[in-house]
Amino acid sequence: MTRGCLDTPVIKERGQHEVFCGLTSIIWLHRKMQDAFFLVVGSRTCAHLLQSAAGVMIFAEPRFGTAILEEKDLAGMADANAELDREVATLLQRRPDIRQLFLVGSCPSEVIKLDLARAAERLSAQFAPHVRVLNFSGSGIETTFTQGEDTCLASMVPALPASDAHQLLLVGALPDVVEDQARALLAQIGIETVHCLPAQRADATPSIGPNTKYALTQPFLGETHAALQRRGARWIAAPTPLGVEGTTLWLMAIADAFGISRAQVEAAIAAPRARAQAAVARVAETLQGKSAFFMPDSQMEPALARFLQRECGMEIVEIGTPYLHAELHRPELALLAAGPRLAEGQDVERQLDRVRAARPDITVCGLGLANPLEAEGLTTKWAIELVFTPVHLFEQAADLAGLFARPIRRKQILAPGAPKMEAAE
Amino acid sequence: MKLSLWTYEGPPHVGAIRVATGMRNMHMVLHAPQGDTYADLLFTMIERRNHRPPVTYTTFQARDLGADTAGLFKDACRAAYERHRPEALLVAASCTAELIQDDPGGLAASMGLPVPVIPLELPSYQRKENFGADEAFYQICKALAKPMPRTAQVSCNILGATALGFRHRDDVAEIRQILERMGIAVNVTAPLDAAPSDIARLGQAHFNVLLYPETGEQAARWLQRSFGQPCIGTVPLGVGATRRFVQEVATLAGAAPILDETRLRQPWWSASVDSTYLTGKRVFIFGDGTHAMAAARVARDEMGFDVVGLGCYNREQARPLRALAREFGLEALISDDYLEVEAAIADLAPELILGTQMERHIGKRLGIPCAVISAPVHVQDFPARYSPQMGIEGANVLFDTWVHPLVMGLEEHLLTMFREDFEFHDAAGPSHHGAKAQPAPSQPQTSQAQPSPAAAPQPAPAGAGDAGNIVWLSDAERELKKIPFFVRGKARRNTESFAQTRGLSEISVDTLYEAKAHYAR
């Protein structure tokens, strides 16, 4: 077996990080967990971030809010706790449908050392059994973007009921349509009992124990991974199920762990895999031979780079990622052919210098950088869309490729004198 | 601690970033944790700016807190200066950095940078975005503006426009044209488009024009005190205000009150017969104080609307807005809690909302048309075309924008006449809109459709009183549904209060029509 990118030296950078904090995860988590409310204990900045990052405001029923700290909360901590209890009581009274309440730590709450773990215990005792109160950190000083989902799921693990059942647990907040596809594929393979963390509703909360095997659906779940292992569950090491190859290897690894033969998997996935391969190939025509540069965003970068390199024929210039988890990223790095630079952390100005020097065909970056780079004549892909769009498993593999192909095609269409492209989507 | 689901204003450092981003050759170093860089996307995405805001974020993390965050700040400051070579440097702390008390101002001052360093105090736990912009601009003026001889030609400065401002780009262009037509030179526009070296020459102008009190009032006052520059107080929003503005400028500058009205169409558009249907339309107005007050005057005096609600989210403007509301016979709504605004709108059931991005969502939920008149706004409110709110073209734009969401004159009648036509019914909405907001589902209960009974705190709707005890008989309920959706809320409300004043406990078809006759005008 080749070592892929496992021996590539990692550029470690400190400096301005052009990334979201973990609070941003609430935007998809609150949609996934339909009886949960996310109460950020923070500042006006936190509230403003959430509504700005959400882009299109989700006004229908926001199941998240911010308890905004005010001057008087900073003066006396006892007051802050009393205030928090009051806000929670009002909120739960107003929202009797809420079964899980997450107190979410922010930069200010952590700097003033407001103990949300104790607050969660206190409030849990008060509102049990109807509402369970948990806490996690989404602060920028502790977490980057998708790490908010990680700390959220990790906070749920100690509270999961114990079970000795032989079972599979899928970990990571997948869009409902993708979760259903995963269940259907696994059932085809012969695994009927599949639980998900997070569950859509509190009463579907999975149980866990030494006979639980779990597969991660996202590569950014390091803390959750550690918490699950502390509960005795066993990890099924596999690449992230992105692209045809990633999905195949992920399913194979799960089947192996459950003693199911490869032949059985092959039989079950033959049709969707062939369909996905054909679809990806069509989109990949636009991507073949093009170069890509990843700015750090979601920790999905190594997996995405692997997909673009191995299934779409792209050349990867640099894989920037907020954090490179030795264990969880290993399967991706092993697959990636050597060549790309690896960078962890960020000094945005220096990294932009490298982007300008390389002039990649596509730069995957945050919303704050995309238009400025486009104005410099570069083509970009907003990284956040890769997190907000269903991209996992066979049926979405071509959609994933399409997210990268569309900006390139658009540039070709708009380029003066360029031949008009077929409207193939 | 105050629970907030959506906010009208960001934190004060975002206001300061709006000032810095509007300027040229200015750079800002913000002591802030990872994540605060989200502010960049407001400018690059919502306003579609083609460059990054000139802000360096120090990006401290938890592991830095026990160590040397002050050192981190100084390194970031030095690197920012070396890379960007600005004419001046703003330094500030975001909410989290305020707590660790590193004193960015003092640190930066001690570094001996060869350009002016302007420290900002932005109390994040007390104040908000508009204050941050106003304060930043004031501190910049105080630090950089120098006493200078007046220009030979009569000239003025245009103050208050910032990056991410609602139509600031076009308002400034429109007002500049008006001033120049009067023979008045524009010395500097600031903060938008000004470099620190331009700020230095503010004192050359004979007077100031303050377009946005929210973001330029402190600076304008300081310039008046320090350099004796009087300030034009009228904000030229609407035809009347624009004419008053020109008069005021003429008096102050000793110039002739010339206003080119050849392209002014709004008064005729408003007078033409098709606009008859606008008469007495009930509008609810909410926004920043300046835009809300101006919109109220335009709505009443230039559009013939009936203003039924008026409010603003910035307390700084509460006093003048309350006074104006009294003049309109209304109780002003001063609140930055959008749930409270939503409850007020649901209660009043207006036919049109003039508001912000927030009210657009409220309107969508309640099935009430909405036009946006004030920040906060979203990407669709930064149009490619020239679209000022102020001056002559601004008045035209206001007419078009406010009328667009409504069902047009004759169409309104047709909907009333053929309300049971299966294709041409009220739920189909105005025919010039491809897709429309769904009206709130008509409910069998007696009370007005309320926003998200679960999410919204339910302050007892003023005036609704005991309407909850009045029962709609099923015939009357069916009859009510035949009334087009855009007046149904009003009809329901009127009928209920009519029934209440008559001490009725049931509403029949007759009650409905008695109420209609009673309120006829």
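Residues numbered from 1 in each chain as written. Chains lettered and ligands numbered in written order. Predicted model: local features only at pLDDT ≥ 70, side-chain atom pairs only at ≥ 80, totals over all residues. Heavy atoms only, no water.

All names here are of chain A. The end-to-end C-alpha distance of helix α11 (residues 262-287) is 31 Å, clearly below the 38 Å that 26 residues give at a rise of 1.5 Å each. Along α11, the sharpest change in direction is near 55° and occurs at Ile269; proline Pro272 comes one to four residues later. By the burial criterion, the buried members of α11 are Val265, Ala268, Ile269, Pro272, Arg273, Ala276, Ala279, Val280, Val283, Ala284, Thr286 and Leu287. Looking at the buried residues of α11, the elements they touch are α8 (176-189), α10 (243-257), α12 (301-311) and α17 (393-414). Of the residues one or two after α11, Gly289 is the one with positive phi, at around 75°. (Helix = DSSP H or I, 4+ residues; strand = E, 2+ residues; numbered from the N terminus. Expected span 1.5 Å × (residues − 1). Bend = angle between axes of the 7 residues up to and from the residue. Buried < 20%, exposed > 50% of the residue type's maximum accessible area, 1.4 Å probe, protein only. Contact = heavy atoms within 4.5 Å.)

Attention shifts here to unusual backbone geometry. Residue and element names in this part refer to chain A. Across the junction of Leu197 and Pro198, the peptide omega takes the value 0°, indicating a cis bond. Within the secondary structure layout, Pro198 lies in the loop between β7 (194-197) and β8 (212-216). Phi is positive for Gln299, which is not a glycine, with a value near 70°. By secondary structure assignment, the location of Gln299 is in the loop between β10 (291-294) and α12.

With 62 residues of chain B at the interface, the matching set in chain A holds 67 residues. With both chains or domains summed, chain B and chain A bury close to 5,600 Å², and 60% of this area falls on carbon and sulfur atoms. Contact with chain A buries area across many residues of chain B, yet Met1, Trp6 and Arg52 of chain B alone supply 18% of it, more than any other trio. Put simply, chain B and chain A have five salt bridges between them. Taken together, the links from chain B to chain A amount to 23 residue pairs in polar contact (both at pLDDT 80 or more). At five residues, the largest contribution of residues to the side of chain B that touches chain A is made by helix α2 (residues 39-46) of chain B. Considering only residue class, the side of chain B that touches chain A consists of 28 nonpolar, 20 polar and 14 charged. Two strands pair when backbone bridges link them, and strand β3 (residues 64-68) of chain A and strand β1 (residues 2-4) of chain B are joined in this way by three bridges, in the antiparallel orientation. Following the sheet pairing, Ala67 of chain A is matched in β1 of chain B by Leu3 of chain B. (Buried area = accessible area lost by both parts, 1.4 Å probe. Salt bridge = Lys/Arg side-chain N within 4 Å of Asp/Glu carboxyl O. Polar contact = N/O pair within 3.5 Å; in protein donor to acceptor, adjacent residues only side chain to side chain. Nonpolar A, V, L, I, M, F, W, Y, C, P; charged D, E, K, R; others polar. Pairing = 2+ DSSP bridges.)

Turning our attention to the environment of Phe404 of chain A. By secondary structure assignment, the location of Phe404 of chain A is in helix α17. Not counting residues up to four positions away in its chain, the partners in contact with Phe404 of chain A are Leu287, Phe294, Leu304, Leu308, Ile362, Val364, Lys381 and Leu386 of chain A.

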